[in-house]
Amino acid sequence: MQALPINSLNSSATVSSICDTVTKIARQHGMDENEIKRFIEPKEVIRLRLSPRLSDGQVHHLSAWIVRHSDTLGPAKGGIRMAANVDESIISALAMEMTLKTALIDVPFGGGKAGIRVDPHQLSPDDKQVIIRSFTNLARRHIGPEVYIPAPDMGTGEKEMGYIKDSIAYGEGHATTRGCFVTGKPVVLGGIPGRHDATGAGVVTTLQCIAERMGLHLDRQRVVIQGFGNVGAVVANELIKHGATVVGISDVSGAIANPNGLDMQVVNTYFKEHQQLSGCPAGCGIDPEQLLVMDCDVLIPAAIGGVIDASVATNIKASIIAEAANGPTLSEADAILQQRGIVVIPDILCNAGGVFVSYLEYTQETQRDQWTLSDVQQRLAQRMCQRFDTVWQTATAPQRLREAAMGLAIEHLHQGLISRGLLT
Ligand code: NAD
C-alpha cells in the first residue's frame, strides 16, 4: 500500500515545535536554562542496527532507537513505533512527551520511546514478528521493569508485545518474566483487561468531561477522526455508543466522509475484510487533505504528528480538537487555534489513558494480582476525570489547556528533581 503524501510532514517541524512549547512554558514557570536543559535533552539515546533475515531470503539492515528521556519519576515508559519515517529526533521528542504525560497523569514512570525504521504496511505478519524478536534480542539489556518498559505505538500492537515478553522469557530459560518488562500484551500472557481500548476510552472520557464543562451534548456532536488504528478505531466506535455522529474518517489508504454519519458497522466489517478504509461503501472517498478541515464540531487527529500546521489551523471548522495522536499540532498552529477560540484537549492529557492502564498492568504483574475489566475501566475513568478537572481549573481559559497541562507536568518533574537532590 502506498503511503499518502498528505501529512508526511517533516519530523523536524514536529520536534522543534514540541521543544519550543516546553521551553516557553518552563520559562513561564521561572525555570532557568540549566533546568530547561533537563526537560529538553534526553538522558540516554541508544541506536541499534537490526539485521534480520526476512521471508524473501535476504538480510535487511534496519535502524532502531531507544530513548530514555527522563527517569526522574521512575523507569522510562513509552511505546515502540514502527514506521518508515522514524529517526532519532522524532523518537526523542516522543520520549519527551512521555515524560510530560506520565508526570501529568501522575504515575511513577519516566518517559521513553523506541522506534524501528521500517514500513509495517509492507511486512507480512511473520516478517514483523522476526523484526520485533530481533529488536528485543538486541535491546534486551535496555528493557526491564526498572529501566525501560515498552508498549504499543504506531505500527505495533498487542501481538508484538506478546512476542517481546516471550523473547525475554525464552532468553532467560523461564516460562515468564520476573516482573513487568512490557505492557499492552495479550491478557493471556499477563496483560490487563481493557489495555487495548484504554487510550481510545480515555480520549472519549476527556471529551465527555469537556462537553460537560462547556454545556455540550456528545450525542449532538459531528466528529471527524484521522487514523483508524489502535486508537482511532476505538474512539470512533466508542463515540457512536455515546450517540455522536462520525462524519469523516481516514487511514493511510485514504479518507471517507458522509455528512449524515458513517455507519460504523459497515466501516468495521469493510476494514476487517480489506485492512484499509479506501473504497469503504459507508461514505464517499474524499481528498485526505480535506478531512481535517471538513465541516464538523469535533476533530480528532489519531494518526501521526505535525498534521495541524498554520494553514490547516486557519481552516479548521471544528470548535474542539481532541489530540488522540502524539504531537499533532505544530506550535505556529497552536497560536492560531487559540486566537480563533478553538479548544484543544492536549495530547499529554487526551491520550494518557493508555499509559495509565499500562501502570495498572505493571502493578498487576509486579504483585501477581488479577484485575477485572470493570476495575480497570473504573480506575481509568476516575483518573482521566480527576486530571482533566485539575487541568481545567488551572487553565486561565478553555483555549489554554495545553499551557496548563504542560505547566502542571513540568512543576511535578521539577519537584521530582528537587526531591532527588538534583536541583535546589
Ligand atoms: P496504529 O498504527 O494502530 O494506527 C495508526 C493509524 O494512522 C492507522 O489507521 C494508519 O493507517 C493511520 N495513518 C498512518 N499514516 C497516516 C497518514 N499519513 N494519514 C492518515 N492516516 C495515517 O497507531 P495507534 O496506536 O492507533 O497510534 C495513533 C496515534 O496515537 C499515534 O500518534 C500514537 O503515538 C498515539 N498514541 C497511541 C497510544 C496507544 O496506546 N496505541 C497511546 C498514546 C498515543
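Residues numbered from 1 in each chain as written. Predicted model: local features only at pLDDT ≥ 70, side-chain atom pairs only at ≥ 80, totals over all residues. Heavy atoms only, no water.

**Quick notes on the pairing of strand S2 (residues 62–70)**
Defined as follows: The buried label applies to any residue whose accessible area, calculated with a 1.4 Å probe on protein chains only, is under 20% of its type's maximum; exposed applies above 50%, and partly exposed to all values in between. Secondary structure is summarised from DSSP: a helix means a run of H or I of at least four residues, a strand means a run of E of at least two, and numbering begins at the N terminus for each. Two strands pair if DSSP finds at least two bridges between them.
Within S2, 9 of the 9 residues are buried, which leaves it mostly tucked inside the rest of the structure. One ladder, built from 7 bridges, connects strand S1 (residues 44–50) with S2; its direction is antiparallel. Directly across from Arg-49, in S2, lies its bridge partner Ser-63. Inspection of the sheet shows S2 paired to strand S5 (residues 110–117) by 6 bridges, in the antiparallel sense.

**Overview of the site of the ligand**
Basically, it comes down to this: When at least one non-hydrogen atom of a residue lies within 4 Å of a molecule or strand, that residue is treated as near it. We call two N or O atoms a polar contact when they sit within 3.5 Å, provided that within protein one can donate a hydrogen and the other can accept it, with sequence-adjacent residues counted only if both atoms are side-chain atoms. Note that Gly is not counted as nonpolar here; it falls among the polar residues with everything else outside the nonpolar set of Ala, Val, Leu, Ile, Met, Phe, Trp, Tyr, Cys and Pro and the charged set of Asp, Glu, Lys and Arg. The domain limits used here are those given by an automatic or database domain assignment.
Taken together, 25 residues form the shell around the ligand, and within it Asp-153, Thr-199, Asn-230, Ala-303 and Asn-326 come nearest. A distance of 2.6 Å separates an oxygen atom of the ligand from a polar backbone atom of Ala-303. Contact between the ligand and Asn-326: an oxygen atom at 2.8 Å from a side-chain N or O atom of the residue. Per-class residue counts for the shell around the ligand are 11 nonpolar, 9 polar and 5 charged. Residue contributions to the shell around the ligand reach at least three from each of two domains, namely domain 1 (43–190) and domain 2 (197–351 + 394–406).

**A short note on the sheet that holds strand S8 (residues 245–251)**
Note the threshold: Under this scheme, a helix contributes an axis fitted over its contacting stretch, all axes are lines through C-alpha atoms, and angles between N-to-C directions fall in the 0 to 180 degree range.
Pairing is mixed across the open sheet formed by 7 strands, whose spatial order is S10-S9-S8-S7-S11-S12-S13. Two strands bound the open sheet, and with one partner strand each, they are strand S10 (284–286) and strand S13 (343–345). Neighbour-to-neighbour, the strand axes of the sheet open up by a mean angle of 20°, direction not taken into account. As paired strands, strand S7 (residues 222–226) and strand S11 (residues 298–301) are joined by 4 bridges and run parallel to one another. Bridging from a neighbouring strand, Val-224 pairs with Leu-299 of S11.

**Quick look at the domain arrangement of the chain**
Using the following cut-off: Residues count as neighbours in contact if any of their non-hydrogen atoms are within 4.5 Å of one another. Accessible-area loss on putting two parts together, using a 1.4 Å probe and summing over both, is the definition of buried area adopted here. For this analysis, a salt bridge means a side-chain nitrogen from Lys or Arg found within 4 Å of a carboxyl oxygen belonging to Asp or Glu.
Looking at the assigned domains, one finds that the chain contains domain 1 (43–190) and domain 2 (197–351 + 394–406). Between domain 1 and domain 2, the residue contacts involve 12 residues of the former and 12 residues of the latter. When the area that domain 1 buries against domain 2 is broken down by residue, the three leading residues are Glu-97, Lys-101 and Leu-104, summing to 49%. Seen at the junction of domain 1 and domain 2, the total is 0 salt bridges. At the surface where domain 1 touches domain 2, the tally comes to 3 residue pairs in polar contact (both at pLDDT 80 or more). Of the residues contributing to the side of domain 1 that touches domain 2, the split by class is 5 nonpolar, 3 polar and 4 charged.

**Concerning the packing of aromatic side chains**
Let me state the cut-off plainly: Centres within 6.5 Å are what make two rings of Phe, Tyr or Trp a pair, Trp counting through its six-membered ring; a difference in plane orientation under 30 degrees is then read as stacked, over 60 as edge-to-face, and the rest as tilted.
All chains considered together, the criterion is met by 5 aromatic pairs. Seen in terms of ring centroids, Phe-228 and Phe-271 are 5.0 Å apart; in terms of plane orientation they differ by 80°. Their pairing is edge-to-face. With Phe-228 in the loop between S7 and helix H7 (232–241) and Phe-271 in helix H8 (residues 264–274), the pair connects residues that are 43 residues apart, well separated along the chain. Comparing Phe-228 with Phe-271 shows no difference in burial state: the two are buried. Ring geometry for Tyr-359 and Tyr-362: centres 6.4 Å apart, planes at 25°, overall stacked. In this pair, Tyr-359 and Tyr-362 both sit in helix H13 (residues 353–366), 3 residues apart, roughly one turn of the helix. The structure contains a cluster of three or more aromatic residues connected by ring pairs, namely Phe-109, Tyr-359 and Tyr-362.

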